[in-house]
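In case you want the letters, here they are:
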Amino acid sequence: MSRRVLQGVLSSARLWGKGRQNAVGLVAVPSQRLTSSLTAPLSCTFITSHAWHNSHPTPAPSPTHHNAAGIRTADAGKEMLEITFADGNSSFFPYCWLRDNCQCPQCFDSDALCRKLTLEDWQHNDCPRSVQVEEGGRHVEVQWVSGHRSCYEAQWLQQHAFTPSARDSQRSFLAIKKELWSTEMELPRMDYNGVMHGDKELLDFLVTLEKKGVVVLTDAPREPEAVLTIINSIGYVKPTHYGTNYPIRSKASASSLAYTDQRLGMHNDLPYFQYVPGIIFLHCITQFEGKGGENDLADGFHVADYLKQFHPTEYRILTDTPVYFWDKGVAQVKQETTEYHKIVNIPIIV
């Protein structure tokens, strides 16, 4: 999930506050789902984080996602191979796609799960000289006009079929389906210590975060290091020109409205970065007891889905028209130049 979804006006979720508070609230926010920001004078720790990423390509779904694999027939057409599987379903596979995804040791490294074949290594108009279903339907062998030989297993073909059911299965394997929400949503709350010390609780936290885009962890220790502890258990902190762990409180000559007692509208944090943090944590240490300090959340995916369905013209403008997101000020970390001017030119919905 590297794409940024809903930058700026239509944030993937926005958090804002109003009134006065001395706080540092803990809210976890995935980059494609939520953005967060705390408003009003705060005494808070603000941390951005990334989850660990596997350097290998994601493997295909396990066989349990499909019916029993097997090939009944393989018919070579002009530009595509039609495979009929044992369960009666069929799918067309373009020859250029099959050749580019040949799984033989010459073309694919099964240990690294990586294609070795480059665009310069094969003829893009290559087509089969012969096609044969082998071993009772366990795989199909293709002899190419170029002289190359490819063997495709039935299970692999079924997993990578272009049918709607196969594509839905692939999507469900690659990512948990988002649960869009509006005013009816009850904010998920979990115990900090339970998440820190229980594998099941940690899994529930991560899955809920992926589905809903926001989780509040309660009863966290009142030390700034507490938020770093939970981040280090699931990923690592992404440094920015604000630092990795910094308080948000009202101060004179503030470089951001977040450091004032002004109300902030809904927004995305750090949209001017090419690589936006995946999760944003706000750790509430002390909550102001007076009036104000409320935070509002919105599901930007829900907003975008609504726009796409009922206002397609406006949706197209917001996805096609680049605008400038920028931030200018004085850095608070020595790794940055003293003054910074971050800027990026992208559409509001990405």
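Since we're looking at a predicted model, the values are computed, not measured.

Conventions used here
- Residues numbered from 1 in each chain as written.
- Predicted model: local features only at pLDDT ≥ 70, side-chain atom pairs only at ≥ 80, totals over all residues.
- Heavy atoms only, no water.
- Patch = residues over 30% accessible without salt bridge, like charges linked within 9 Å, V, L, I, M, F, W, Y side chains within 5 Å.
- Areas by Shrake-Rupley, 256 points an atom, 1.4 Å probe, with all protein chains shown as cover.
- Salt bridge = Lys/Arg side-chain N within 4 Å of Asp/Glu carboxyl O.
- Helix = DSSP H or I, 4+ residues; strand = E, 2+ residues; numbered from the N terminus.
- Buried < 20%, exposed > 50% of the residue type's maximum accessible area, 1.4 Å probe, protein only.
- Axes fitted to C-alpha atoms, helices over the stretch in contact; angles between N-to-C directions.
- Parallel < 35°, antiparallel > 145°, perpendicular 65-115°, else oblique.
- Contact = heavy atoms within 4.5 Å.
- Nonpolar A, V, L, I, M, F, W, Y, C, P; charged D, E, K, R; others polar.
- Pairing = 2+ DSSP bridges.
- Lys, Arg positive; Asp, Glu negative; His and termini not counted.
- Charge placed at Lys NZ, Arg CZ, Asp CG, Glu CD.

### Quick word on a nonpolar patch on the surface
Then, number 1: Among the surface-exposed residues, Tyr 324, Trp 326 and Ile 343 lie close enough to one another that they form a single nonpolar patch of about 390 Å² accessible area.
Then, number 2: Its place among the elements puts Tyr 324 in strand S18 (residues 322-330).
Then, number 3: Residue class for Tyr 324 comes out exposed when judged on its relative accessible area of 57%.

### As for the environment of Ser 255
Then, number 1: Tracing the sequence through the fold places Ser 255 in the loop between strand S15 (246-247) and strand S16 (279-284).
Then, number 2: Residue classification places Ser 255 among the partly exposed residues on the basis of a relative accessible area of 34%.
Then, number 3: On a C-alpha basis, the gap between Ser 255 and Lys 328 in space is 8.2 Å, while along the polypeptide they are 73 residues apart.

### Observations concerning the packing of helix H7 (residues 300-310) against helix H8 (residues 312-320)
Then, number 1: Orientation of H7 relative to H8, taken along the N-to-C sense of each, is 125°, at an axis distance of 6 Å. Between H7 and H8, the interaxial angle falls into the category oblique. From H7, Ala 304, Leu 307, Lys 308, Gln 309 and Phe 310 reach across to H8, where they touch Pro 312, Tyr 315 and Leu 318.
Then, number 2: Classifying every residue of the contact of H7 with H8 by side-chain character gives six nonpolar, one polar and one charged.

### Quick word on the pattern of salt bridges
Then, number 1: Scanning all chains against the criterion turns up eight salt bridges.
Then, number 2: When the shortest N-O distance is used, the salt bridge between Arg 149 and Glu 141 registers 2.8 Å.
Then, number 3: Relative accessible area serves as the criterion here: at 42%, Arg 149 is assigned to the partly exposed category.
Then, number 4: In this structure, Glu 210 and Lys 178 form a salt bridge, with 3.0 Å as the shortest nitrogen-oxygen distance. Here Lys 178 lies in the loop between helix H3 (164-174) and strand S12 (189-191) and Glu 210 lies in helix H5 (residues 199-212), a separation of 32 residues in the sequence.
Then, number 5: Accessibility expressed as a relative area gives 18% for Lys 178, which makes it buried.
Then, number 6: Put simply, Glu 179, Lys 211 and Lys 212 are held in one network by salt bridges that share partners.

### Focus on the pairing of strand S10 (residues 139-144)
Regular strands show a simple pattern: their side chains alternate between the two faces of the sheet.
Then, number 1: Among the six residues of S10, five are classified as buried, and the element is accordingly described as predominantly covered.
Then, number 2: Taken together, the six bridges between strand S9 (residues 128-134) and S10 define a ladder with antiparallel strand orientation. Each bridged residue has a counterpart across the sheet, and for Gln 132 the counterpart in S10 is Glu 141.
Then, number 3: The loop that links S9 with its antiparallel partner S10 comprises four residues; one of these, Glu 135, has a positive phi angle of about 50°.
Then, number 4: As paired strands, S10 and strand S11 (residues 149-153) are joined by five bridges and run antiparallel to one another. Counted as the bridge partner of His 139 is Glu 153 from S11.
Then, number 5: Hairpin connection between S10 and S11: a loop of four residues separates the two successive antiparallel strands, and Gly 147 in this loop has a positive phi of roughly 105°.

### Quick notes on the sheet that holds strand S4 (residues 71-76)
Then, number 1: Taken together, the three strands give an open sheet; going across it, the order is S4-S5-S6, and neighbouring strands pair in antiparallel fashion. Of all strands in the sheet, those bounded by a partner on one side alone are S4 and strand S6 (90-94). Taking each pair of neighbouring strands and ignoring which way they run, the sheet shows an average axis angle of 20°.
Then, number 2: In the sheet, S4 pairs with strand S5 (residues 80-85) via five bridges, with the strands oriented antiparallel.

### Points about the sheet that holds S9
Then, number 1: The three strands are arranged S9-S10-S11 in an open sheet whose pairing can be described as antiparallel. The open sheet is flanked by S9 and S11, the only strands paired with a single partner. Ignoring strand direction, the axes of neighbouring strands in this sheet form an average angle of 15°.

### A word on a negative patch on the surface
Then, number 1: Taken together, the side chains of Asp 191, Asp 199, Glu 201 and Asp 219 define an acidic patch exposed on the protein surface.
Then, number 2: What makes Glu 201 partly exposed here is its relative accessible area of 37%.

### Section: unusual backbone geometry
Then, number 1: If you check the backbone angles, Leu 113 has positive phi at about 55° while not being a glycine.
Then, number 2: Owing to a relative accessible area of 35%, Leu 113 belongs among the partly exposed residues under this scheme.
Then, number 3: Backbone geometry places Glu 135, a non-glycine residue, at a positive phi of 50°.
Then, number 4: Structurally, Glu 135 can be placed in the loop between S9 and S10.

Structural measurements only, silent on function.
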